[in-house]
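Geometric and topological summary
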Amino acid sequence: MKNTFTLCVLFLFTAFTFAQSSSSKATITGTVVDKDAGIPLEYATVTVTDATNATDVEGGITDTSGTFKIEVAPGKYTIKIEYISFQPLILNRTITGDLNLGTVQLEFAASNLDEVTVIAETTTVDIRLDKKIYNIGKDLTTAGGTVSDALNNVPSVTVDVEGGISLRGNENVRILINGKPSAIAGFGNTDVLRQLPADAIERVEVITSPSARYDAEGTAGILNIILRKEKTLGFNGSINTSIGNPDLASISANLNLRTEKYNIFNTTGYRYSSSPGNGFFDTNYLSSADINPTYDRIIEDRDIQRLNRGFNTNLGIEYYLNDKSSVTASVFYRNGNDVDETTNLTQSFRDAAKVLETTRIENQKEKDDSYQFSLNYINKFNDEGHQLTADFQYENSKEIQNTRINEDITLDTENTTPIIGERLLTDEQQKEYLIQADYVLPFAEEWQFEAGYRGSFENEITDYAVNQEQIANTNNFIRNDTLSNVFDYTENVNAVYTQIGSKFGKVSVLAGLRLENTQLKGKIGSSLNEEELQDIFGFPIDTDFDNNYLGLFPTLNVTLEIAERENITLGYNRRINRPRGWFLNPFPDRSSRNNVFQGNPNLQPAFSNAYDIGYLKRWDKVTLTSSIYYQKETASFERVDEIIELQGQGTNTNGNTVIRTIPINLSSNERIGAELGMLYNPAKWLRLNGSFNFFQFNTEGFFNDVDYSAKNTSYFARFSSKVSLPFKIDWQTNANYRGASQNAQSDTDGILSVDLAFSKDVFGDNGTVSMNVSDLFNGRKRNQFTTNDFFTRDSEFQWRQRQINLSFVYRFNQRKNEAKRNQPVNTDDEGDFQG
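To keep things clear, this report deals only with the structure shown in the data block. (Residues numbered from 1 in each chain as written. Predicted model: local features only at pLDDT ≥ 70, side-chain atom pairs only at ≥ 80, totals over all residues. Heavy atoms only, no water.)

**Quick notes on the overall build of the protein**
Along the backbone of the protein there are 6 helices and 47 strands. For the protein, the residues scored as buried account for 55% of the 835 residues in total. When contacts within the protein are restricted to residue pairs at least 6 apart in sequence, long-range pairs at least 24 apart make up 69% of them. (Helix = DSSP H or I, 4+ residues; strand = E, 2+ residues; numbered from the N terminus. Buried < 20%, exposed > 50% of the residue type's maximum accessible area, 1.4 Å probe, protein only. Contact = heavy atoms within 4.5 Å.)

Have a look at this one:
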């Protein structure tokens, strides 16, 4: 009640102050649109100049609906309205009172087509109070590539050799599609992003200091991928085809039909690809009082062959109820049919002599079906930003893995017991519901109130069956109830939030508070009780847990406009990192008898407090961004390696000691870093951009009486150049370097990756042929050295080898630059406070 009274007093005081000052001020308003397409132009610049002395009095930019509002004193003014690639409009007006310019139409600068194309093909960055928005330009190096490939070219983002995505070196990043968790992103599994075409992306929002409207998940921040949805009237689109080596064949189409009442959009694609990889592990075991290893040294040499076949389609319709409200419905479907075969040659040594050699072949067939239905409603009560949005989303995913494992002994000097074959069947089903509502209310002058609710309800059931031979090489398989299990995992999150923003002169402030209740439930169905599971796996296991966490997550974002093209941002937020299902399942994977990954059902959520200071400066040809950040995370996740002896029936280890990788909660993790980015267009034929990120992690904590404290100092750098050659040929080079890094047990070498691409426009600029080489020097390999009291391990891993692609895209009823300059009306993401 007290808070309500305070808010009412604040509202009345602001209204009174505004009423007192309005008598000496006049307000200029209007809406800026594309004359040809009728589309609102966001970020159009409006400058008001005193006509008597030619000095700038006031200025601003348009919001997502193309509207602007500027206050000036009465007088004679020149009003200039500008937007990139359009002819500026100049108006002379005498202001005596409020002036509504109505709908202001800007014409496309057809007389300067070459320059327009250059601008449209260049990646640009926009800074908001709580995020950076990278409007993806025409990236030749990702032609025929995937969403994962495109993300690797976004500043602050890195994609490792296994496809894991990190933000500022932190892999605890939340992936959203159109502002919401989605089956398109694979329910948090980034493998799916390697199946979707890169040309489906409109823009990527890098949210390192999320406001209260966003889910608090992800201590590193959020990557919000906005998919393309054209707004141009009529029927238009593009068709993309690619072939490559190693084997690649793909085709996708982006189609759009828009009338005055509805907009139908569709992206459909099929992809066939082969992704060969390899791995090498050389482990030397150290004897101790606790462990007496079976062998002194084990060498594993892995050859990995992957065949991926995937179909995906996204079909939607936006229906305009009136000029201020619309309903959007869309359906996404994905089907995958993959076959992976891993050949693992293992050599075991004792006293420097080879005593055992085996060849293990793991053949895995995987089929998955996912579909998602989304419904969105938006009602704009007026042109001042007063609006209500509501969303419903249902997702269903089913994945079946059928794995055959056979291991033959090719050298044996000690009469080793034959190794039994295995047949594994994994049936995973996942469902998720999402309900969301957001309400935005501008009030008084330069104030905005926002509140909302989001509920996500997710259930994942993994049925894991292990069938083993009783006698090796007999093909007589019997279910092993000791290792077979059913893991039923539920994650329910209910959240409410409120935030308020305002602008005080050149300072914009957005403060919010989010309340989230998280319920994590897990039930392990096994023939073994908790004591028997502890005897096998070596630590206490709760087979039926139900954990609830109630947390407050405050956020604060401040922007100081030093000049029209220069600002400083300050950000603070509290975040949570929830463990995913595969991090909790204690039954180990079976890809190797000597190196296994095992989940930890005792894992608790991690919490972080993050601070960020950013600086942006724009010149005519240069955009400079920079930031310094600090984060402290408690109960942070860390993967550690330890040597154990798996016990019990059917573990199929032949009594070997096993290196287990397990996620644990460490006591704390401090991160500090700085990043610098630059976009530079020195000439119409040359575009350059680069970024550099330096960071240091300091972890502290113990597990099983072992100190895992460590300090890791590393960096990554990215550079890209694009040159326009004669005859409409473009040449692009991207270089990425990820510096060496360390943790409590391992040292990882730096990785250099270079991509090269050429393209040529054909058929009157309606088509583009391009050739690109990904990882030109085949250097995307993770070389790592691990050491502890029980073993040392030297390893090398390569997820995917060098790729060469030839691609062709054909556009119809669509100017080459149109997809980039006609940004869609902001109905898919979650809005922004403009101040």
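**Notes on the environment of Ile-576**
The topology assignment puts Ile-576 in strand E29 (residues 566-577). Take Ile-576: its relative accessible area is 1%, and that puts it in the buried class. Between the C-alpha atom of Ile-576 and that of Ala-216, which follows or precedes it by 360 residues, the distance is 5.8 Å. Apart from residues no more than four positions distant in its own chain, Ile-576 is found in contact with Ala-216, Glu-217, Gly-218, Thr-219, Glu-516, Thr-518, Phe-553, Pro-605, Ala-606 and Phe-607.

**Section: helix H4 (residues 530-537)**
Every buried residue of H4 is listed here: Leu-533, Ile-536 and Phe-537. The arc enclosing the buried residues of H4, seen along the axis, measures out at 80 degrees, which places them on a common side. Away from the buried face of H4 by more than 90 degrees, exposed residues Glu-531 and Asp-535 are located. Buried residues belonging to H4 abut strand E34 (658-665). Its side-chain oxygen placed 3.1 Å from the backbone nitrogen of Glu-531, Asn-529 serves as the N-cap of H4. (Arc of directions from axis to C-beta. Polar contact = N/O pair within 3.5 Å; in protein donor to acceptor, adjacent residues only side chain to side chain.)

**Regarding the sheet that holds E34**
Hydrogen bonds along the backbone pair up the strands of a sheet, which may run parallel or antiparallel. With respect to topology, 3 strands assemble into an open sheet ordered E30-E34-E33, the strand pairing being mixed. The open sheet has two edge strands with one neighbour each: strand E30 (595-597) and strand E33 (637-644). Averaged over all pairs of adjacent strands, the angle between their axes in this sheet comes to 25 degrees, without regard to strand direction. (Pairing = 2+ DSSP bridges. Axes fitted to C-alpha atoms, helices over the stretch in contact; angles between N-to-C directions.)

**Overview of unusual backbone geometry**
The phi angle of most residues is negative, glycine excepted, and most peptide bonds adopt the trans form. In this model, Asn-245 is joined to Pro-246 through a cis peptide bond whose omega is -5 degrees. Note on placement: Pro-246 falls in the loop between strand E15 (234-245) and strand E16 (248-258). The backbone of Asn-475 sits at a positive phi, close to 60 degrees, despite the residue not being glycine. With respect to the secondary-structure elements, Asn-475 resides in the loop between strand E24 (447-469) and strand E25 (477-479). Judged by relative accessible area, Asn-475 falls into the exposed class, the value being 56%. For Phe-763, which is not glycine, the phi dihedral falls at a positive 55 degrees.

**Points about the nonpolar core**
Ranked by size, the top nonpolar core spans 25 residues in total, and within it Phe-537 and Ile-664 carry the most contacts. Looking at this core, the elements with two or more residues in it are strand E26 (485-504), strand E27 (507-525), H4, strand E28 (544-563), helix H5 (581-584), E33 and E34. The greatest single-element share of this core, amounting to 3 residues, is contributed by H4. Val-159, Ile-165, Leu-167 and Ile-225 belong to the second-largest nonpolar core, a separate cluster that totals 20 residues. (Core = buried A, V, L, I, M, F, W, Y, C linked by side-chain atoms within 4.5 Å.)

**Some thoughts on the side chain of Gln-401**
Within the fold, Gln-401 resides in strand E22 (residues 387-412). Side-chain polar atoms of Gln-401 contact the side chain of Glu-366, separated by 2.9 Å. Ignoring sequence-local partners within four residues, the contact set of Gln-401 consists of Gln-364, Lys-365, Glu-366, Leu-424, Leu-425 and Thr-426.

**Comments concerning the sheet that holds strand E1 (residues 26-34)**
Here we have 3 strands laid out as an open sheet, ordered E4-E1-E7, and mixed in their pairing. Among the strands making up the open sheet, the edge pair consists of strand E4 (67-72) and strand E7 (99-106). Pairs of neighbouring strands in the sheet enclose a mean axial angle of 20 degrees, with direction left out of account. Relative to E4, E1 is paired through 6 bridges, and the arrangement is antiparallel. Looking at the pairing, Ile-28 lines up with Ile-70 of E4.

**Focus on the environment of Gln-436**
By secondary structure assignment, the location of Gln-436 is in strand E23 (residues 422-443). On the accessibility criterion, Gln-436 (5% relative accessible area) is buried. For the pair Gln-436 and Asn-376, spaced 60 residues apart in sequence, the C-alpha separation works out to 9.4 Å. Among the polar contacts made by the side chain of Gln-436, one reaches the side chain of Arg-454 at a distance of 2.8 Å.

**What about the pattern of salt bridges?**
Within this structure, the stated rule accounts for 27 salt bridges. Asp-612 is paired through a salt bridge with Arg-168; the nearest N and O atoms lie 2.7 Å apart. Highlighted residues: Asp-612 in strand E31 (residues 606-618) and Arg-168 in the loop between strand E11 (165-167) and strand E12 (173-177), separated in sequence by 444 residues. Take Asp-612: its relative accessible area is 11%, and that puts it in the buried class. Given the relative accessible area of 6%, Arg-168 is considered buried. The closest approach of N and O atoms between Asp-368 and Arg-334, which form a salt bridge, is 2.6 Å. (Salt bridge = Lys/Arg side-chain N within 4 Å of Asp/Glu carboxyl O.)

**A look at the side chain of Thr-389**
Residue placement: Thr-389 occurs in strand E22. Residue Thr-389 is classed as buried on the basis of its relative accessible area, which comes to 14%. Residue contacts for Thr-389: discarding those within four places in its chain leaves Tyr-377, Ile-378, Gln-436, Ala-437 and Asp-438.

**Describing a negative patch on the surface**
A surface patch of like charges, here negative, comprises Glu-530, Glu-531, Glu-532, Asp-535, Asp-542, Asp-544 and Asp-546. Positionally, Asp-544 belongs in strand E28. (Patch = residues over 30% accessible without salt bridge, like charges linked within 9 Å, V, L, I, M, F, W, Y side chains within 5 Å. Areas by Shrake-Rupley, 256 points an atom, 1.4 Å probe, with all protein chains shown as cover. Lys, Arg positive; Asp, Glu negative; His and termini not counted. Charge placed at Lys NZ, Arg CZ, Asp CG, Glu CD.)

**Quick word on the packing of aromatic side chains**
All told, the structure shown has 20 aromatic pairs when counted by the stated rule. Geometrically, the ring pair formed by Trp-447 and Phe-504 is edge-to-face, given 5.7 Å between the ring centres and 90 degrees between the ring planes. Highlighted residues: Trp-447 in strand E24 and Phe-504 in strand E26, separated in sequence by 57 residues. Ring centres 6.0 Å apart and planes at 15 degrees place the aromatic pair Trp-731 and Phe-758 in the stacked group. (Phe/Tyr/Trp six-rings, centres within 6.5 Å; stacked < 30°, edge-to-face > 60°.)

**A few points about the pairing of E24**
Strand residues, when the strand is regular, have side chains that alternate between the two faces of the sheet. Relative to E24, E23 runs antiparallel, the two being bridged by 22 bridges. By the bridge assignment, Glu-428 is partnered in E24 with Thr-462. Counting the residues between successive antiparallel strands, the hairpin from E23 to E24 contains 3 residues, one of them, Ala-444, with a positive phi of roughly 50 degrees. Pairing of E24 with E26 involves 18 bridges; the strand directions are antiparallel. Across the sheet, the residue bridging to Thr-462 is Phe-487, located in E26. Sheet analysis places E24 next to E25, joined by 3 bridges and oriented antiparallel. Considered in E25, the bridge of Glu-469 is made with Phe-477.

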